[in-house]
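Observations on chain architecture
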Amino acid sequence: MQPVKKVVVLGGGSAGFLAAITLKKRIPLFDVSVIHSSKIPIIGVGEGSTFTMPQYLHGYLGVDPKAFHQIVKPTYKLGIKFLWGPRDHFIYTFNAQLDTRRQNLPKPNGYYCADEFKFGEINAALMAQDRAFEKQDDHGPRVNTDVAYHLENKPFVEFLERVALEVGVEIVDDTVKDVSVGEEGVSALHLESGQSVSADLFIDCSGFRSELLGKALEEPYIDFSSSLFSDRAIAGGWTREDEPLKPYTTAETMDAGWAWQIEHDHLINRGYVYSSAFLSDDEAEAEFRKKNPKVEDTRVIKFGSGSYRRSWVKNVVALGNASGFVEPLEATSLAIICEHSAKLVQTLADNDLSIHPSGRKYYNQTVRTNWDAIRRFLALHYKYNTRYDTPYWQACWNDTDLAGAEELVEYYTESGPGTMWAHLAMGANDPFGWEGYLVMLVGQQVANQRNYQPAEQETKEWQAYVDSLEKRASNSFTMREALDIIRSDQWLWRPDFYSNASPWGR
Ligand SMILES: Cc1cc2nc3c(=O)[nH]c(=O)nc-3n(C[C@H](O)[C@H](O)[C@H](O)COP(=O)(O)OP(=O)(O)OC[C@H]3O[C@@H](n4cnc5c(N)ncnc54)[C@H](O)[C@@H]3O)c2cc1C
């Protein structure tokens, strides 16, 4: 196999630019170009992320956090507040609240949260009080790498485009009209301008159109709709007035789905994800507006949840929505674009920059495992959410295909919120881990056979711990206070702050 030299990325959304920057930065020998069409807009939604995304951007790609904060103005997301299940709410963060045990208690934390589940670690305690970061000795905010960003899609993509140019990626505005396919995969893209473009490797980041993987190479699509019934979103929002800038995404149960609330500097971004089989667009709009009277313009986005069987076929690798998409309940898309981009360059680097069938095979296996893990985890959110008794939620209780999460639920049902063997039942590399499952199972008060009654002393110990977290959180910065400091010229980022945390290396 000849080493790859020329790489063409089709698509200039977040997937296209993240992929192009990754390829060029990590393997400078590559000649990388992005072809995107100003006639085909980017999707323009995708505002939540997970904690691995800032680590990737600043640690692995070396994007300067100072410039990023001053230009893109992200806000921090410490987790998700779920208005979900029978409790008033529960809190999900990127740290261990339940898959851990206090030294002086005999059982893991989940056993003490059956009735009241306030929080089990500091970020959740901060979220409970709409606080963002603790105060350090130097009076600045204690920012850690266990938090994610909320990003406005358009300025984020514009920023990435600038970085791509800076690192030497060529950017072409043109539209692919036709694609030639040969033995090795895609042999040429034929553009509206009359040009034809060939490459050793094509990265398909053309969004839901999946021009190369789905259309040209006709890779089969695996539909997740038996697990995830939603297929539409109404997106809207309003200019922030005196609403506090919350340090988390809110996920709120609706009649036929759920609504997100994502916090930007001057905007509150809301969206209702629903199933068209249960609700018309007009009905969804009416329910959405009733809950959110300040919402300005809205738009309906149609989508399917599912992924292509393989993401890397011959000389085409799809990333982002061109490879697959699951509805945004856990805001996983950006994280998997990053994860899979890193895996791709590492595979190529390992194979002397050539495409080898075994590298491709294991890459595809990893990507498949990720999609399936996300599918089963999201399915769990639907199957056990008993907050509203509507035809949509009844269908979720009765018909949601857990798609592999059954054994984990069985383990929980028999063993309660223990931590002993669940990791085995889960399999390797699940991005949510047993912690994610515990928060959703305990949070939704899914019944288990243990019915543990803690002794009085245990309850006291647990309460003392919760009180101590509450006290720490009460003396902390709000998001607005913390951002003012972080965006100021005086704030300095330690050079190794993100690279030390990056699981992909520097
Ligand atoms: C309702 C909803 C909510 C979401 N929320 C989140 C979230 O909170 N967090 C998250 O991580 N993700 C979220 N996502 C996913 C998000 O859309 C993606 O993470 C991200 O924006 C990646 O998009 P993309 O780059 O794959 O595609 P797009 O943004 O659609 O970009 C496609 C690109 O391909 C180009 N293109 C297509 N066809 C051609 C052609 N023939 N010729 C030339 N160029 C072409 C277009 O010009 C464009 O530049 C959400 C998605 C939806 C639908």
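Since we're looking at a predicted model, the values are computed, not measured. (Residues numbered from 1 in each chain as written. Predicted model: local features only at pLDDT ≥ 70, side-chain atom pairs only at ≥ 80, totals over all residues. Heavy atoms only, no water.)

**Structural notes on the sheet that holds strand β5 (residues 90–93)**
This is how it is decided: A pair of strands is considered paired only if DSSP assigns at least 2 bridges between the two. Think of it this way: any DSSP run of H or I at least four residues long counts as a helix, any run of E at least two long counts as a strand, and we number them from the N terminus. Only C-alpha atoms enter the line fits that serve as axes; for helices the fit covers just the stretch in contact. Angles between N-to-C directions range over 0 to 180 degrees. Any two residues having at least one pair of non-hydrogen atoms within 4.5 Å are treated as being in contact.
One open sheet holds the seven strands; their spatial order is β5-β4-β14-β15-β16-β13-β17, and the pairing between them is mixed. Of all strands in the sheet, those bounded by a partner on one side alone are β5 and β17 (299–302). Along the sheet, successive strands turn relative to each other by an average axial angle of 20°, direction set aside. Note: strand β14 (residues 249–254) against strand β15 (residues 257–263), five bridges, orientation antiparallel. Paired with alanine 251 across the bridge in β15 is tryptophan 260. Sitting on the sheet, helix α7 (residues 281–291) is in contact with β13 (232–239), β14, β16 (267–274) and β17, with an inclination near 140° to β16. Sitting on the sheet, helix α13 (residues 433–443) is in contact with β4 (79–83) and β5, with an inclination near 175° to β5.

**Comments concerning the site of the ligand**
Stated precisely, the cut-off is as follows: Nearness is defined per residue: one heavy atom within 4 Å of the molecule or strand is enough. Polar contact criterion, stated in full: a pair of N or O atoms within 3.5 Å, where within protein one must be able to donate a hydrogen and the other to accept it, and residues adjacent in sequence count only if both atoms are side-chain atoms. The protein chains shown are the only cover counted for residues, whose accessible areas, like all others here, come from Shrake-Rupley with a 1.4 Å probe.
If you check the shell around the ligand, you find 35 residues, and the closest are Gly12, Ile40, Gly48, Val176 and Leu334. With respect to the ligand, the backbone of glycine 48 contributes an N or O atom lying 2.8 Å from a nitrogen atom. Serine 333 has a polar backbone atom sitting 3.4 Å from an oxygen atom of the ligand. Contact with the protein chains hides 97% of the accessible area of the ligand, taken as 1,000 Å² for the molecule alone. Of all the secondary-structure elements, those providing two or more residues to the shell around the ligand are α1 (14–26) and α8 (333–350).

**What about the sheet that holds strand β18 (residues 306–308)?**
With respect to topology, three strands assemble into an open sheet ordered β12-β18-β21, the strand pairing being antiparallel. Lying at the two open borders of the sheet, with one neighbouring strand each, are β12 (221–223) and β21 (324–325). Bridge count for β12 against β18 is three bridges, and the pairing is antiparallel. Each bridged residue has a counterpart across the sheet, and for isoleucine 222 the counterpart in β18 is serine 307. Of the strands in this sheet, β12, β18 and β21 are in contact with helix α9 (residues 357–383), which crosses β18 at around 170°.

**Some thoughts on a nonpolar patch on the surface**
Quick reminder of the rule: Like-charged residues are merged into a patch within 9 Å and nonpolar side chains (Val, Leu, Ile, Met, Phe, Trp, Tyr) within 5 Å, provided each residue has over 30% relative accessible area and no salt bridge. A pair is scored as a salt bridge if a Lys or Arg side-chain nitrogen falls within 4 Å of a carboxyl oxygen belonging to Asp or Glu.
A cluster of nonpolar side chains, Met420, Trp421 and Leu424, forms an exposed patch at the surface whose accessible area comes to about 400 Å². With respect to the helices and strands, the residue methionine 420 is situated in the loop between α11 (406–415) and α12 (422–426).

**Quick notes on the packing of aromatic side chains**
Each aromatic ring pair is characterised by the separation of its centres together with the angle its planes make. Note the cut-off: A pair of Phe, Tyr and Trp rings is counted when the ring centres sit within 6.5 Å of each other, with Trp represented by its six-membered ring. The angle between the planes then sorts it: under 30 degrees is stacked, over 60 is edge-to-face, the rest tilted. Think of it in three bands: residues with accessible area under 20% of the maximum for their type are buried, residues over 50% are exposed, and the middle band is partly exposed, with areas taken using a 1.4 Å probe on protein chains only. Whether a charge sits over a ring depends on NZ of Lys or CZ of Arg being within 6 Å of the ring centre and within 35 degrees of the ring normal.
For the structure shown, the criterion picks out 33 aromatic pairs. Between tyrosine 221 and tyrosine 308 the ring centres are 5.2 Å apart and the planes differ by 70°, which places this aromatic pair in the edge-to-face class. In this pair, tyrosine 221 sits in strand β12 while tyrosine 308 sits in strand β18, placing the two residues 87 residues apart along the sequence. By relative accessible area, tyrosine 308 is classed as buried at 13%. One cation-aromatic arrangement involves lysine 107 over tyrosine 452; the distance from NZ or CZ to the ring centre is 5.0 Å.

**Digging into a negative patch on the surface**
This is how it is decided: Charged-residue counts in this description rest on Lys and Arg as positive and Asp and Glu as negative, His and the chain ends being excluded. Every charge is mapped onto a representative atom, which is NZ of Lys, CZ of Arg, CG of Asp or CD of Glu.
A cluster of acidic side chains, namely Glu406, Glu407, Glu410 and Glu414, defines a negative patch on the protein surface. Positionally, glutamate 406 belongs in helix α11.

**Here's the deal with helix α2 (residues 52–60)**
For α2, a buried count of nine out of nine residues is recorded, marking the element as mostly surrounded by other parts of the structure. Considered for burial, the residues of α2 that qualify are Thr52, Met53, Pro54, Gln55, Tyr56, Leu57, His58, Gly59 and Tyr60. Against α1, α3 (65–71), β6 (148–150), α5 (153–166) and α8 lie the buried residues of α2. In the stretch just after α2, glycine 62 is the one whose phi turns positive, near 70°.

**Structural notes on the domain arrangement of the protein**
Condition: Note that the domain bounds were set by an automatic or database domain assignment. In this description, buried area is defined as the sum, over both parts, of the accessible area (probe of 1.4 Å) that is lost when the two are combined.
Looking at the assigned domains, one finds that the protein contains domain 1 (6–47 + 152–224 + 306–375) and domain 2 (232–302). Between the C-alpha centres of domain 1 and domain 2 the distance comes to 29 Å. Taken together, the contacts link nine residues of domain 1 with twelve residues of domain 2. Here domain 1 packs against domain 2, burying approximately 790 Å² in sum over the two surfaces, 68% of which is carbon and sulfur. Of all residues in domain 1, the largest losses of buried area upon contact with domain 2 belong to Val45, Glu47 and Glu152, amounting jointly to 51% of the total for that side. The interface formed by domain 1 and domain 2 contains zero salt bridges. At the junction of domain 1 and domain 2, the tally comes to two residue pairs in polar contact (both at pLDDT 80 or more).

**Comments concerning the side chain of asparagine 351**
Within the fold, asparagine 351 resides in the loop between α8 and α9. On the accessibility criterion, asparagine 351 (18% relative accessible area) is buried.

**So, the environment of phenylalanine 288**
On the secondary structure map, phenylalanine 288 appears in helix α7. By relative accessible area, which is 0% here, phenylalanine 288 ends up buried. In this structure the C-alpha to C-alpha distance between phenylalanine 288 and leucine 98, which are 190 residues apart in sequence, comes to 33 Å. Setting aside chain neighbours within four positions, we find phenylalanine 288 in contact with Ile234, Gly236, Met254, Arg270, Gly271, Tyr272, Val295 and Thr298.

**Considerations on the pattern of salt bridges**
For the structure shown, the criterion picks out 24 salt bridges. The residue glutamate 158 makes a salt bridge to lysine 154 at a minimum N-O spacing of 3.2 Å. On the criterion of helical spacing, the pair formed by glutamate 158 and lysine 154 is a turn pair, its members being four residues apart in helix α5. Given the relative accessible area of 45%, glutamate 158 is considered partly exposed. One salt bridge connects arginine 480 with aspartate 265, and the closest N-O pair in it is separated by 3.1 Å. Here aspartate 265 lies in the loop between β15 and β16 and arginine 480 lies in helix α15 (residues 479–486), a separation of 215 residues in the sequence. What makes arginine 480 partly exposed here is its relative accessible area of 29%. Exposure remark for aspartate 265: the relative accessible area of 6% places this residue in the buried category. Each member of the salt-bridge network shares a partner with another, and the members are Lys39, Lys177 and Glu192.

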